[in-house]
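The chain contents come next:
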Amino acid sequence: MNKSITIFVAAVALSSVTTISAGDIIGKITLKGTPPAEKNLPIASDPFCGKLYAGKPIPTTRFYLVDAHGGLADTFVYIKSGLDGKPIPAPVGTVEIDQIGCEYLPYVFGLQTGQKLHVKNSDPLMHNIHVTPSASSGNKESNKAQMAGGKPYEYVFDSPEVFLRFKCDVHPWMFSYGGLVNHPYFAVSSVDGTFKISNVPPGDYVVEAVHRKTHPRGTGVTQKVTVGPAGGKADFSIEVSGS
Amino acid sequence: MDFSDQNRWLHRFAVISAVATWILIGIGGLVTSHGVGMAVPDWPTTYGYNMFLFPPSKWVGGIFYEHSHRLFASFVGLLTTVLAIWLWIKEDRRWIRWLGVLAFFGVVAQGVLGGLRVTLMIDSLGIFHAALAQLFLVLLSIIALATSVWWKKWVMTAKTIPITDSMWTANAFVTFLIFGQLVLGAAMRHQHAGLAVPDFPFAYGKVWPATDPAFLEKINRERIDVMDPNPITAAHIQLHMAHRIGALAIVISAGWLAWRNLRAAGTSAVNSRFAIGLLGLILVQAAFGVFTVWSNKAADVATGHVMIGAICLVVSSLFCLISARCGSVAFTVRAPMDSENGSALSVLQSS
Ligand SMILES: [Cu+2]
C-alpha cells in the first residue's frame, strides 16, 4: 500500500475552452497515491436490504472514490475566509438526501446554515435518521425513525460544521456527511474530481478542500484564490502531502 | 436452617435469574458490538409501539439486537422482582432479604439508565450501563450462592481451611483488578472508535505505539471499516494499551493467588479449586481478548470477551466472599475457647 496519499487540487485551465460565468471558482481534486481497498457493505446482513440487491452487485464503502485520472470525488470545497464585509446571500432551495438501497445518497453534500435539508426514505423498509453533530458545534443531535413511504423530514442547522454526520442505526453502515457553512460558496467534487463554486463576488479568498477520510478532523488543505472583478477565471491549486 | 424443597426452589430461581442476567449482558454486548445502540430511537416505546407488541416483522437489522435486548431485560426485571419478593417472604437471613431489595432497585436503575442512554443520546452513559450490569450480575450470583444448600452446610460445618486474612485481601485485590478491567473495556467499547490497536502482541508493530498527530492521521486515512467508526485518537490508543497492561496484571496476580492457595491448602481444598478455576477462566478470557484483536473486533468474538469477562468477575467475587467466610471460620475454629469468638461462631452458623 502506498503510504502517501496526496490531495492535489490542480488548476484546470478551462478558461480557454469554456466560458466561465462571473466569479466561478473551478478546480479539480486529484488523489495522489494508491488508496486502501474499499470493502463490501454488509448489506445482506439485513435480509430486507439484501433483497433490494438480488442479482446485483453489493455496493462497497466509498471512502476514496477515485477515477482513472486520479480525480477524487466527495471532497467538500468552500470559501474559508475573505467574505468579511461582503453581503451573504440567503440560502436558496432545499438540499435533499435520500435513503435508497440501504445507503444514504449523496454520501457527501454541502449545506448553508439556515438552509432547508430534506431527508427522505425511498426504500420499502424502515430507517432511522440519527444526526450526530460534534459536541462543540452547537447543532442539535436527533434520532428519528422513518417508515417506508413516510414523508421526508426537514432539518435546518444554525451552526457551521464540517462534517455533520447522518447515520442510520438500523443499518450501521449507512452514513451521509454534510459540509455545513454559513454562506453559499461551497461545492462537492464530482466523480471526475472537478468542482465549481458559483457566483463568488470579486475578492481575495482562502479556499479549503476537505476530504472526509484524509481529513478526519474536518481541517483540510487551503489555498489563496483571487476572484477577478469582472468574471475572470479563478484558477487555483492545492496540494497536500500525506505523512 | 431450612433445607426444605421450597428453599431449594428459591435457590434454583436465583440461579436462573443470574444466568438470565448473564445472557442479557451478552445481548447487550451484541448491541454495542454491532454499533446499533441507537437503532430504536424511542424508549420505553419501540417505534411508537408498546414494546411487547412491536411486530416481529419489523425486527430487522440493528433493531433486532436492540429490541431483543429490551425484551430480555424486561424478562430479567420480572425475574428479579419475583426473586426479591420471594426472598422477602421465605428467606430467614435478613442480609439476603435486603440483597433482594437491592437487586430490585438495581434492575430498575439499570433499565432507566439504558433508556436514558437512548433518549438523551449520551454515548458515555453506556459505560455506566455496562459497569452496573456487571455489578448486578455479581449481586444475583451472591444471592444464588448464599441461598444454596452447599453454602449453608459449608458455613455450618465450619471447615478449617488454613487461609489467612492476607489471602482474603489478595483475593479482593484480584476482584478489584478484574472490575477495573471491565470498566476499561466498557470505556473502550463505548468510544465507538473500533479497534484502536489492530495488532497483537505488538502495537502497530512496536512495543509501545506512536500517538503523535502525524501518525494518527496516517492510520485514520488508511483504515477502511464499513462501520466508519470515529477517528482513532491518542486517548483511544492509550486506553487500549492500559487494557492490555491490565490483562497482564490480572494474569500474573491470578497466577500468584492460585499458587498461594495451593501452597497453603493443597489441591483438594475449596479455595484452591476456586483459585485454579479462576486462573483458568482468566487465561481463556485473555485468549478471547487476543482473538478480539486478531478478528478485527468481530462482533461475536468481542461479545464473547464481554461475557467471559463477566464470569471472571462473578467467580472472583464469589471466591472473595467464600474466602472471607473461610478466613473467619478458620479463625473461629482455631480459638473456640474464646468466649467472644464463640459467640461469633454461633452468629456465623445462623448465617
Ligand atoms: Cu437504515
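Counting starts from 1 at the beginning of each chain's written sequence and moves along it residue by residue. Whichever chain is written first becomes A and whichever ligand is written first becomes 1, with later ones labelled in order. This being a predicted model, a pLDDT of at least 70 is required before a residue's local features are given, and a value of 80 or more before pairs of side-chain atoms are given or counted; all residues contribute to the totals for chains, interfaces and linings. Note that water and hydrogens are dropped before the side-chain values are worked out from all heavy atoms of the structure.

### Considering the overall build of chain B
So, point 1. Numbering of helices and strands starts at the N terminus; helices are DSSP runs of H or I of at least 4 residues and strands are runs of E of at least 2. Along its length, chain B carries 11 helices and 0 strands.
So, point 2. When its helices and strands are written in sequence order, chain B yields α-α-α-α-α-α-α-α-α-α-α.
So, point 3. Relative accessibility decides the category of a residue: with a 1.4 Å probe and only protein chains considered, values under 20% of the type maximum give buried, values over 50% give exposed, and everything between is partly exposed. The buried share of chain B, taken over its 351 residues, is 51%.
So, point 4. Whether two residues are in contact is decided by their heavy atoms, any of which lying within 4.5 Å being enough. Across chain B, the fraction of contacts at a sequence separation of at least 24, relative to all contacts at a separation of at least 6, is 76%.
So, point 5. Carbon together with sulfur atoms contributes 72% to the accessible area of chain B, which is approximately 15,600 Å² in total. Per-residue accessibility takes into account occlusion by the displayed protein chains alone, with areas from the Shrake-Rupley method and a 1.4 Å probe.

### Brief notes about the coordination of the copper ion
Ideal geometry at a metal centre gives angles of 109.5 degrees when four donors are arranged tetrahedrally and 90 or 180 degrees when six donors are arranged octahedrally.
Residue and element names in this part refer to chain A.
So, point 1. Here the coordinating atoms are restricted to nitrogen, oxygen and sulfur within 2.8 Å of the metal centre, or 3.2 Å for Na, K and Ca, and because water is not among them the sites may look incomplete. For the copper ion, the full set of protein donor atoms is His127 (ND1), Cys168 (SG), His171 (ND1) and Met174 (SD), at a range of 1.9 to 2.8 Å.
So, point 2. Positions of the donor residues of the copper ion, expressed as sequence spacing, correspond to H-x40-C-x2-H-x2-M. Placement of the pair is His127 in strand S8 (residues 127–132) and Cys168 in strand S11 (residues 161–168), with a sequence separation of 41 residues.

### Observations regarding the domain arrangement of chain B
Residues and elements named next belong to chain B.
So, point 1. The domain limits used here are those given by an automatic or database domain assignment. In terms of domain boundaries, chain B breaks down into domain 1 (1–148) and domain 2 (158–351).
So, point 2. Facing 26 residues of domain 1, the contacting portion of domain 2 comprises 25 residues.
So, point 3. Two parts placed together each lose some accessible area; with a 1.4 Å probe, that loss summed over both constitutes the buried area. Taken over both partners, the interface formed by domain 1 and domain 2 buries close to 2,300 Å², and the fraction arising from carbon and sulfur atoms is 75%.
So, point 4. Criterion for a salt bridge: a side-chain nitrogen of Lys or Arg within 4 Å of a carboxyl oxygen of Asp or Glu. Inspection of the domain 1/domain 2 interface yields 0 salt bridges.
So, point 5. Between N or O atoms, a polar contact is any pair within 3.5 Å; within protein, one atom must be a potential hydrogen donor and the other a potential acceptor, and residues adjacent in sequence are included only when both atoms are from side chains. Counting every contact that joins domain 1 to domain 2 gives 5 residue pairs in polar contact (both at pLDDT 80 or more).
So, point 6. A per-element tally of the side of domain 1 that touches domain 2 places helix H4 (residues 125–146) first, with 11 residues.
So, point 7. Each residue gets one of three labels, nonpolar for Ala, Val, Leu, Ile, Met, Phe, Trp, Tyr, Cys and Pro, charged for Asp, Glu, Lys and Arg, and polar for the others, Gly among them. A breakdown of the residues in the side of domain 1 that touches domain 2 according to their chemical character gives 14 nonpolar, 9 polar and 3 charged.

### Notes on helix H8 (residues 234–265) of chain B
So, point 1. For a helix, the expected span equals 1.5 Å multiplied by the number of residues minus one. Between its terminal C-alpha atoms H8(B) stretches 46 Å, which fits the 46 Å expected from 32 residues at 1.5 Å a residue.
So, point 2. Following H8(B) by one or two positions, B:Gly266 has its phi on the positive side, about 80°.

### So, the pairing of strand S6 (residues 108–112) of chain A
Remember that side chains alternate between the two faces of the sheet whenever the strand is regular.
Residue and element names in this part refer to chain A.
So, point 1. The buried fraction of S6 is high, at 5 of 5 residues.
So, point 2. Across the two faces of S6 the burial is the same, with Val108, Gly110 and Gln112 and Phe109 and Leu111 all buried.
So, point 3. Alignment of S6 against strand S12 (residues 174–181), held across 5 bridges, turns out to be parallel. Paired with Val108 across the bridge in S12 is Tyr177. Strands were regarded as paired on the criterion that DSSP finds at least two bridges between them.

### Section: the interface of chain A and chain B
For interface size, the figure often reported is the accessible area lost on association.
So, point 1. Tallying the contact residues gives 41 residues for chain A and 31 residues for chain B.
So, point 2. Between chain A and chain B, the buried area comes to about 2,900 Å², and carbon and sulfur atoms account for 60% of it.
So, point 3. For the pair chain A and chain B, the number of links is 1 salt bridge.
So, point 4. On inspection of chain A and its partner chain B, the count reaches 10 residue pairs in polar contact (both at pLDDT 80 or more).
So, point 5. Listing elements by their share of the side of chain A that touches chain B, those giving two or more residues are S8, strand S9 (142–146), S11 and S12 of chain A.
So, point 6. If you tally residues by element for the side of chain A that touches chain B, the top one is S9(A), at 4 residues.

### A look at the sheet that holds strand S15 (residues 203–211) of chain A
All names here are of chain A.
So, point 1. Spatially, 4 strands are ordered S13-S3-S15-S16 in an open sheet, and the strand pairing comes out antiparallel. Looking at the sheet topology across the chains shown, the edges are occupied by strand S13 (186–188) and strand S16 (221–227). Taken pair by pair, the neighbouring strands of this sheet meet at an average axis angle of 25°, ignoring direction.
So, point 2. The pairing of strand S3 (residues 75–81) with S15 spans 6 bridges and is classified as antiparallel. Counterpart to Ile79 in the pairing with S15 is Val207. In this analysis, axes come from line fits to C-alpha atoms, helices being fitted only over the stretch in contact, and the angle between any two N-to-C directions falls in the range 0 to 180 degrees.

### Comments concerning the state of the cysteines
All names here are of chain A.
So, point 1. When two cysteine sulfur atoms are found within 2.5 Å, that pair is recorded as a disulfide. A full pass over the atoms with the stated rule returns 1 disulfide over all chains.
So, point 2. The partner cysteine of Cys49 in its disulfide is Cys102, sulfur to sulfur 1.9 Å. Disulfide Cys49-Cys102: torsion about the S-S bond near -80°, hence left-handed. Taken together, the residues Cys49 in helix H1 (residues 47–51) and Cys102 in the loop between strand S4 (94–100) and strand S5 (103–105) connect sequence positions 53 residues apart. Each of the two residues, Cys49 as well as Cys102, counts as buried.

### Focus: the pairing of S11(A)
All names here are of chain A.
So, point 1. In terms of burial, S11 is largely enclosed, as 8 of its 8 residues are buried.
So, point 2. With 3 bridges joining them, S8 and S11 adopt antiparallel strand pairing. Within S11, the residue paired with Thr132 across the bridge is Arg165.
So, point 3. Direction of pairing for S11 relative to S12: antiparallel, over a ladder of 7 bridges. Bridge pairing in S12 places Cys168 opposite Met174.
So, point 4. The turn linking S11 back onto S12 is made up of 5 residues.

### Here we look at H4(B)
So, point 1. Helix length check: H4(B), at 22 residues, gives a terminal C-alpha distance of 32 Å against a target of 32 Å (1.5 Å per residue), a fit within 8%.
So, point 2. Of all 22 residues in H4(B), 18 are buried, a share of seventy percent or more.

### Structural notes on the packing of helix H2 (residues 61–90) of chain B against H4(B)
Residue and element names in this part refer to chain B.
So, point 1. Where H2 contacts H4, the two axes come as close as 13 Å, and the packing angle between them is 35°. For the pair H2 and H4, the sense of crossing is left-handed. Counting all contacts with H2, which are made through His69, Val76, Thr80, Leu83 and Leu87, the residues of H4 involved are His129, Phe136, Leu140 and Ile143.
So, point 2. Broken down by class, the residue content of the contact of H2 with H4 amounts to 6 nonpolar, 3 polar and no charged. We call a crossing left-handed when the near helix sits turned anticlockwise from the far one by less than a right angle, and right-handed when that turn is clockwise.

### Considerations on the confidence of the model for chain A
Residue and element names in this part refer to chain A.
So, point 1. On average, chain A scores 84 in pLDDT, and the residues at 70 or more come to 85%.
So, point 2. This stretch, residues 1–21, has a pLDDT under 50; its non-local contacts, to residues over four places away or in other chains, come to 70 contacts.
So, point 3. In the predicted structure, residues 234–243 sits below a pLDDT of 50 and forms 50 contacts with residues beyond four places in sequence or in another chain. The predictor attaches a confidence to each residue, called pLDDT, with possible values from 0 through 100.

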